[in-house]
Amino acid sequence: MSVREDQPGPRLLDASGEIRQETMIINMGPQHPSTHGVLRLLLELDGEYVVRCKPVIGYLHTGIEKNTEYRTWMQGVTFVTRADYLAPFFNELGYCLAVERLLGIEAPPRAQVIRVLCNEMNRISSHLVWLATGSLELGAVSVMLYGFREREILMDIFETLTGLRMNPAYIRIGGVIMDLPEDGEPKIRRFLEEMPARIDEYETILDDNPIWRERNEGVGVLSAEDCLALGVTGPILRSAGVPNDLRKDEPYCGYETYEFDVPTRTEADAYARYRIRLEEMRESMRIIEQCLDRLQEPGPVMIEDPKVAWPAKLSVGPDGIGNDPAYIRHIMEESMEALIHHFKMVTQGVRVPAGEVYQAVESPRGELGFYVVSDGEYTPYRVKIRDPSFVNLQATAPMVEGSLVADAIAAIASIDPVMGGVDR
């Protein structure tokens, strides 16, 4: 129970010592603006206090995991990127790393740097959505406007790099589908110059704001022991003092070669999670800077094995990602063999050796894992996503029960659930 010390808490017994019968059952959601998607909370209230809370999910179920089992391995990227739709690059990376382990291959060094670059920019954009929506729910409307303002800059960068703002399917098995365009790096460096002052601005508005502190401090407390018992990861676990981060603990894509810190706090409340996410944005900018320096070295961005690599040579045109005109000319006018190979790889794809693997990456919400099973065919036998939002939602009840309904809003916001990943 996370009852604030200065509040009496719910009165479960009446004057005669009997259990009260007049508690009220209400539904919060699934179309409530403070549930971060189609999450339904079944609340039992005693006055304004939450006696019980039961999260109800499944309103956004898209069958992404099952759909991938009926598509080629490469087509699976298009599905998984739409799971946690605020962190599409992380979905793509986790899935592709799992398939690459089954294939026994590794993306070229430049492709790995680009993957890290995109993921860290995506981490910032995801945290900005959390900051904007969470602030709006607690009355800080200006911060909502600022958060989406900065996210729009990143969306423009994503469109420049991949041709799409969201769900780009940019990371593919064996690398990425194309190198950075000429105007990509200048836009990213401009963002790195502007963003530190913007984060300082958020802190000036919120850090010592008495309303913000009152709404977040001591709210949604979840101890390290409870986090570990529930399998909670990400900023929630780090706010309880546990420096768990897969980029450090089980590094992938060369993260062990980057210099960055893992922010932690010990208060284990909503305010601590706010502070951690701001610090994580700063650490992501440190990593992005290192990525840009490494990209000065040229190199391929897709594995050279023609039996695995995506055959199409893509580029960003006025209408988004498309086949490069020179490549179209080659397969349609110059080489029948190239056309046949293109047709076979696109329609049938790669045959992945039989086996099973679990690959996890550190998403903005915690451990995002992919359990992938192959039976040696051209389509996956099983794809199972361990989405952090799904696991972290278990913490809703212990965070909320015993607190005020108003505090429940702040607690849920601090979890930062994305229902696309929960229901998938």
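Reading guide: rules and limits
Here, residues in each chain are numbered from 1, in the same order as that chain's written sequence. Only residues with pLDDT of at least 70 get local features here, since the model is predicted, and only at 80 or more are side-chain atom pairs given and counted; chain-wide, interface and lining totals rely on the full set of residues. The side-chain numbers reported here are obtained from all heavy atoms of the structure, hydrogens and water having been left aside. Grouping into patches uses exposed residues only, defined as over 30% relative accessible area, and leaves out salt-bridged ones; the cut-off is 9 Å for like charges and 5 Å for nonpolar side chains (Val, Leu, Ile, Met, Phe, Trp, Tyr). Per-residue accessibility takes into account occlusion by the displayed protein chains alone, with areas from the Shrake-Rupley method and a 1.4 Å probe. One speaks of a salt bridge when a side-chain nitrogen belonging to Lys or Arg is within 4 Å of a carboxyl oxygen belonging to Asp or Glu. Only DSSP runs of H or I covering at least 4 residues are called helices, and only runs of E covering at least 2 are called strands; the numbering of each starts at the N terminus. Any two of the Phe, Tyr and Trp rings considered here, Trp counted by its six-membered ring, make a pair once their centres fall within 6.5 Å; the pair's planes then place it as stacked at under 30 degrees, edge-to-face at over 60, or tilted in between. Only protein chains enter the area calculation, which uses a 1.4 Å probe; residues under 20% of their type maximum are buried, those over 50% are exposed, and those in between are partly exposed. Axis angles are defined between N-to-C directions and span 0 to 180 degrees, where every axis is a line fitted to C-alpha atoms and, for a helix, only to the segment in contact. Oblique is the label for any angle not covered by the other classes, which are roughly parallel (under 35 degrees), roughly antiparallel (over 145) and roughly perpendicular (65 to 115). Each helix crossing is assigned a hand: it is left-handed if the near helix lies turned anticlockwise from the far helix by less than a right angle, otherwise right-handed if that turn is clockwise. Lys, Arg, Asp and Glu make up the charged group, whereas Ala, Val, Leu, Ile, Met, Phe, Trp, Tyr, Cys and Pro make up the nonpolar group; the residues left over, Gly among them, are polar. The pairing criterion for strands is at least two bridges between them, as found by DSSP.

Colleague: Just checking my understanding: could you explain a nonpolar patch on the surface for this structure?
Modeller: Where nonpolar side chains cluster on the molecular surface, the patch consists of Leu136, Val141 and Leu145 and spans about 260 Å² of accessible area. Inspection of the secondary structure puts leucine 145 in helix α5 (residues 141-162).

Colleague: So what exactly am I meant to see when it comes to the packing of aromatic side chains here?
Modeller: When we look at a pair of aromatic rings, we describe it by the centre distance and by the angle of the planes. All told, the structure shown has 9 aromatic pairs when counted by the stated rule. With a centroid separation of 6.3 Å and 70° between ring planes, the pair formed by tyrosine 95 and phenylalanine 370 is classed as edge-to-face. Placement of the pair is tyrosine 95 in helix α3 (residues 88-103) and phenylalanine 370 in strand β9 (residues 366-374), with a sequence separation of 275 residues. A centroid spacing of 5.1 Å and a plane angle of 75° characterise the contact between tyrosine 252 and tyrosine 255, whose relative ring orientation is edge-to-face.

Colleague: Would you mind showing me how to read the pattern of salt bridges here?
Modeller: A side chain of one charge can pair with a side chain of the opposite charge if their charged atoms are brought near each other. Scanning all chains against the criterion turns up 34 salt bridges. Here glutamate 69 and lysine 66 are joined by a salt bridge, their closest N and O atoms 3.0 Å apart. For glutamate 69, a relative accessible area of 10% corresponds to the buried category. In this structure lysine 66 comes out as partly exposed when scored by relative accessible area, which is 43%. The closest approach of N and O atoms between arginine 351 and glutamate 377, which form a salt bridge, is 3.6 Å. Of this pair, arginine 351 sits in the loop between α13 (336-347) and β8 (355-363) while glutamate 377 sits in the loop between β9 and β10 (382-386), and the two are 26 residues apart along the sequence. Within the structure, one salt-bridge network assembled from shared partners comprises Glu120, Arg123, Arg238, Asp245, Arg247, Glu280 and Glu362.

Colleague: What should I look at first to understand the packing of helix α4 (residues 109-137) against helix α11 (residues 270-294) in this one?
Modeller: The angle between the axes and the distance between the axes are what describe a pair of packed helices. Contact geometry for α4 and α11: axes closest at 9 Å, N-to-C directions at 155°. Classed by the angle they form, the pair α4 and α11 counts as roughly antiparallel. The handedness of the crossing between α4 and α11 is left-handed. Partitioned by chemical class, the residues of the contact of α4 with α11 number 16 nonpolar, 2 polar and 6 charged.

Colleague: Would you explain the sheet that holds strand β3 (residues 49-56) in this entry?
Modeller: Spatial strand order, β1-β2-β3: 3 strands in an open sheet with antiparallel pairing. Pairing within the sheet leaves two strands with one partner each, and these edge strands are β1 (24-28) and β3. Pairwise comparison of adjacent strand axes, ignoring direction, gives a mean angle of 20° for this sheet. Where strand β2 (residues 40-46) and β3 come together, 7 bridges link them in antiparallel fashion. The partner of leucine 42 across the bridge, within β3, is lysine 54.

Colleague: Hey, could you run me through the pairing of β8 in this one?
Modeller: Consecutive side chains of a regular strand alternate in pointing toward one face of the sheet and then the other. Judged from the 9 bridges that link them, β8 and β9 form a sheet pairing that is antiparallel. Pairing of valine 357 across the sheet is with valine 372, part of β9. Linkage of β8 to β9, two consecutive antiparallel strands, is achieved through a turn of 2 residues.

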